[in-house]
Amino acid sequence: MDADSMKKILCDAVDSAACTVQSYADDIAAHPELGFAETRTAEMLAKELEALGLSVQKGLALTGVRADLACGKKGPRIAVLGELDAVPCAAHPMADPVTAASHSCGHNLQTSIVLAAASALAKTEVCKELAGSVAFIGTPAEEFIEITKRNEMRKEGKIKYLCGKPEMIRLGVFDDIDMSVMIHAGENIKGPGFAIPKGGNGFRTFMLKYVGRQAHAAAAPEQGINALYAAVAGINAVNALRETFRDEDRVRVHFIITKGGDTVNCVPDDVRLEGYVRATTAEKIDEIFDKVIRAFRSGADALGAECLVNSFPGDMPFVPSQAFNRVFEENAVSVAGRGNVQADTIFAASSDMGDVMHIMPAIHPFGGGVEGAYHSKDFKVLDFEAAVLMPAKAILMSIVDLLADDASKAREILADFKPVYTKEEYLAAMDRRFFSEI
């Protein structure tokens, strides 16, 4: 069977599964769950994969799931990923009233793409014509949120890293995976379309505690040390650094004050901040991070306070396989039309898919069919076909190109690929970013 025939069979099978997949997507959207607590979501995905006759591993990195489908001959294993978690957005019309979780980033669409792809491959004979295998994986906790809670989970030994894919890498879930692909909902790509990034930022996160001395704010302020003023001085020092950031490094330093004191009538002695340092490479992130922390500490020095720091590894920058991107681009054009595919874009935010990219050929395109900003009440699906069915088709067509002809294209990409890190080097780099003074 030639590649074009295989692609048509798979695309038709995706269309045949549309009703089942849309029901699943709607159900997940109506029951959003936050990271490392996606128990219902994981069970629903596992149930659907099992209904296809696949054996499913559960409880990976607490809530992750995985099912594998072998092809006719041995060859590379390609993972199709989807994220299980939601993000807090209380104003979203489908937000959970208790947790404020909502799928205002479209992760319910991602696992729907996984399900559509799995259904097409499981229900047709195409896999027998290919060399290799396909893993369908639901990954937990992509959103880097609830840092205090996750740090407590870390102290309890439930997790080591604060995002799902790094945990899965650590635990060996990706040890036998050769290549990975995941499609995320785009932002304001209202009709059919794809954006295929060539790079994007990673980040490292910090928590700060400014320690001062409490005193009566009116009667004896001279007896206190104002931790809030120390924090403000540190913030001003950080802002003074901004003109030193190079445009090409796309540095972002952003933070919030999570505690500004206890009462207006007392000189604040305990002030907390939380923030990110983003840039295009791990080395640049660490360089800027050190400068930023030094600036924050200078505010404490100026006021005679103390600045204590907790540091955590966040997401690695995007370094997608350009050869894999080109394979996907050709198929995206076939699905959506040349005018609806943007290649070589830059992802301005971050994702732990960047961590996967550091150890294997992996890509993270963005699909269409949605409108509204990420993480906002306005995010919604306009066109289910463009948001789920077209991405599933583009992935499946790419898998055919990679695994047909004894997987010659996949083997070529793997032979030319030079990972940024081995798994051991990656884990060591992550671990170096941890330190705790609080």
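Here the structure is a predicted model, which is why all the values come from computation and not from measurement.

**Description of the overall build of the chain**
Turning to step 1, where the next piece is worked out: Counting its regular elements, the chain contains twelve helices and 19 strands.
Turning to step 2, where the next piece is worked out: Counting only C-alpha atoms and orienting by the principal axes, one finds that the chain spans roughly 85 × 45 × 45 Å.
Turning to step 3, where the next piece is worked out: Taking all 438 residues of the chain together, 58% fall into the buried category.
Turning to step 4, where the next piece is worked out: When contacts within the chain are restricted to residue pairs at least 6 apart in sequence, long-range pairs at least 24 apart make up 79% of them.
Turning to step 5, where the next piece is worked out: Carbon and sulfur atoms form 50% of the exposed surface of the chain, whose accessible area is close to 17100 Å².
Turning to step 6, where the next piece is worked out: Side-chain charges of the chain comprise 46 positive and 61 negative groups, with the mean position of each set lying 2 Å from the other.

**Some details on the sheet that holds strand β19 (residues 435-436)**
Turning to step 1, where the next piece is worked out: Ordered in space as β11-β12-β10-β13-β19, the five strands form an open sheet in which the pairing is antiparallel. Looking at the sheet topology across the chains shown, the edges are occupied by β11 (252-259) and β19.
Turning to step 2, where the next piece is worked out: Inspection of the sheet shows β11 paired to strand β12 (residues 270-279) by seven bridges, in the antiparallel sense. Note that in β12 the partner of Lys259 across the bridge is Arg272.
Turning to step 3, where the next piece is worked out: Here helix α8 (residues 282-303) sits on the sheet and contacts β10 (202-211), β11, β12, β13 (306-313) and β19; the angle it forms with β10, its principal contact strand, is near 15°.

**Here's the deal with the pattern of salt bridges**
Turning to step 1, where the next piece is worked out: Evaluated as defined, the whole model comprises 38 salt bridges.
Turning to step 2, where the next piece is worked out: Residue Asp270 pairs with Lys259 through a salt bridge whose shortest N-O separation is 3.2 Å. Taken as a pair, Asp270 in strand β12 and Lys259 in strand β11 lie far apart in primary sequence, eleven residues in all.
Turning to step 3, where the next piece is worked out: On the accessibility criterion, Asp270 (13% relative accessible area) is buried.
Turning to step 4, where the next piece is worked out: Residue class for Lys259 comes out partly exposed when judged on its relative accessible area of 26%.
Turning to step 5, where the next piece is worked out: Glu329 is the salt-bridge partner of Arg338, the closest N and O atoms lying 3.0 Å from each other.

**Quick word on the side chain of Thr111**
Turning to step 1, where the next piece is worked out: Mapped onto the secondary structure, Thr111 falls in helix α4 (residues 107-123).
Turning to step 2, where the next piece is worked out: Residue classification places Thr111 among the buried positions, given a relative accessible area of 1%.
Turning to step 3, where the next piece is worked out: The residues touching Thr111, leaving out its near neighbours within four places in the chain, are Tyr24, Leu45, Gly82, Glu83 and Leu84.

**A short note on the packing of helix α2 (residues 18-30) against α4**
Turning to step 1, where the next piece is worked out: Packing of α2 against α4 brings their axes to within 9 Å, and their N-to-C directions diverge by 155°. Here α2 is positioned roughly antiparallel relative to α4, judged by the angle of their axes. When the axes of α2 and α4 are compared, the crossing they make is right-handed. In this structure, α2 contributes Val21, Tyr24, Ala25, Ile28 and Ala29 to the contact, and α4 contributes Asn108, Thr111, Ser112, Leu115 and Ala116.
Turning to step 2, where the next piece is worked out: Class assignment of the residues belonging to the contact of α2 with α4 gives a composition of seven nonpolar, three polar and no charged.

**Quick notes on the nonpolar core**
Turning to step 1, where the next piece is worked out: Core analysis: the biggest nonpolar cluster contains 77 residues, and Leu49, Phe136, Phe194, Phe328, Leu402 and Leu403 have the highest contact counts within it.
Turning to step 2, where the next piece is worked out: Leu60, Tyr161, Met168 and Ile177 belong to the second-largest nonpolar core, a separate cluster that totals 40 residues.

**Quick notes on the packing of aromatic side chains**
Turning to step 1, where the next piece is worked out: Scanning all chains against the criterion turns up 13 aromatic pairs.
Turning to step 2, where the next piece is worked out: Judged by centre distance (5.1 Å) and plane angle (90°), the rings of Phe144 and Phe203 are edge-to-face. Here the residue Phe144 occupies a position in the loop between β6 (131-139) and α5 (147-155), and Phe203 occupies one in strand β10, the gap between them amounting to 59 residues. We note that Phe144, like Phe203, is buried.
Turning to step 3, where the next piece is worked out: Ring plane angle 85° and centroid distance 5.6 Å describe the contact between Phe194 and Phe328, whose orientation is recorded as edge-to-face. A residue pair is termed long-range when its members are at least 10 positions apart, and Phe194 in strand β9 (residues 194-200) and Phe328 in helix α9 (residues 322-336) qualify at 134 residues.
Turning to step 4, where the next piece is worked out: Cluster of aromatic residues (ring-pair linked, three or more members): Phe206, Phe255, Phe289 and Phe296.
Turning to step 5, where the next piece is worked out: When the ring centre of Phe434 is taken as origin, the NZ or CZ atom of Arg154, which lies over that ring, is 3.7 Å away.
Turning to step 6, where the next piece is worked out: In this arrangement the basic side chain of Arg204 is found over the ring face of Phe289, its NZ or CZ atom lying 3.8 Å from the centre.

Criteria and thresholds
Residues numbered from 1 in each chain as written. Predicted model: local features only at pLDDT ≥ 70, side-chain atom pairs only at ≥ 80, totals over all residues. Heavy atoms only, no water. Helix = DSSP H or I, 4+ residues; strand = E, 2+ residues; numbered from the N terminus. Buried < 20%, exposed > 50% of the residue type's maximum accessible area, 1.4 Å probe, protein only. Contact = heavy atoms within 4.5 Å. Areas by Shrake-Rupley, 256 points an atom, 1.4 Å probe, with all protein chains shown as cover. Lys, Arg positive; Asp, Glu negative; His and termini not counted. Charge placed at Lys NZ, Arg CZ, Asp CG, Glu CD. Pairing = 2+ DSSP bridges. Axes fitted to C-alpha atoms, helices over the stretch in contact; angles between N-to-C directions. Salt bridge = Lys/Arg side-chain N within 4 Å of Asp/Glu carboxyl O. Parallel < 35°, antiparallel > 145°, perpendicular 65-115°, else oblique. Left-handed = near helix turned anticlockwise from the far one by under 90°. Nonpolar A, V, L, I, M, F, W, Y, C, P; charged D, E, K, R; others polar. Core = buried A, V, L, I, M, F, W, Y, C linked by side-chain atoms within 4.5 Å. Phe/Tyr/Trp six-rings, centres within 6.5 Å; stacked < 30°, edge-to-face > 60°. Lys NZ or Arg CZ within 6 Å of the ring centre and 35° of its normal.

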